[in-house]
Amino acid sequence: QVQLVESGGGLVEAGGSLTLSCVASGPQFNMYAVSWFRQAPYKEREFVAAVNWSGGDKYYADFVKGRFTISKDTTENTVTLQMNSLKPEDTAVYYCAARRGIPVGKRPPDYDYWGQGTQVTVSS
């Protein structure tokens, strides 16, 4: 069983930056792929970024490429999402999710474990 706790959300002006962290507890977290999803009010949860079990392969949604960077520290059981050049449309609750295994999914049903979410609000 893996437990995930996100932190780092907050209120920032457009063009600013935030760093989200997802800390995992549980065995063999180094065997898990981790993704960040987000959900804005009245919208479906959408994929943002993912990293594979080793941290070597990374994937991004087109709307965050060049602005967000995902990284995995297997020694600290932490996955970080560095968000730069934030836009008002990035406002959402951000969730980290984990799944054991090699394929990195980009859909919410691909993931078994979820954090509680952290609110990101970008003002214009």
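Our structure's up above, just so we're on the same page.
Position numbers for residues start from 1 in each chain and track the written sequence from start to end. For this predicted model, a pLDDT threshold of at least 70 governs which residues receive local features, and a threshold of 80 or more governs which side-chain atom pairs are given and counted, while totals over whole chains, interfaces and linings are taken from all residues. For the side-chain quantities, the full set of heavy atoms in the structure was used; hydrogens and water were omitted.

## Thoughts on the packing of aromatic side chains
Our working definition: Classification of ring pairs uses Phe, Tyr and Trp, with its six-membered ring standing for Trp, and accepts pairs whose centres are within 6.5 Å; under 30 degrees between planes counts as stacked, over 60 as edge-to-face, and the remaining range as tilted. Each residue is placed in one exposure class: buried if its accessible area under a 1.4 Å probe, protein chains only, is under 20% of its type's maximum, exposed if it is over 50%, and partly exposed if it falls in between. Here, a charge over a ring is recorded when the distance from Lys NZ or Arg CZ to the ring centre is within 6 Å and its angle to the ring normal is within 35 degrees.
The final tally for this structure, using the stated rule, is 7 aromatic pairs. Ring geometry for Tyr-111 versus Trp-114: centroids 6.4 Å apart, planes at 70 degrees, classification edge-to-face. With relative accessibility at 5%, the residue Tyr-111 sits in the buried group. An aromatic cluster is present here, built from Phe-37, Phe-47, Tyr-95, Tyr-111 and Trp-114 joined pairwise through their rings. Over the aromatic face of Tyr-95 sits the side chain of Arg-45, whose NZ or CZ is 3.8 Å from the ring centroid. The side chain of Arg-45 reaches across the aromatic face of Trp-114, ending 4.9 Å from its centre.

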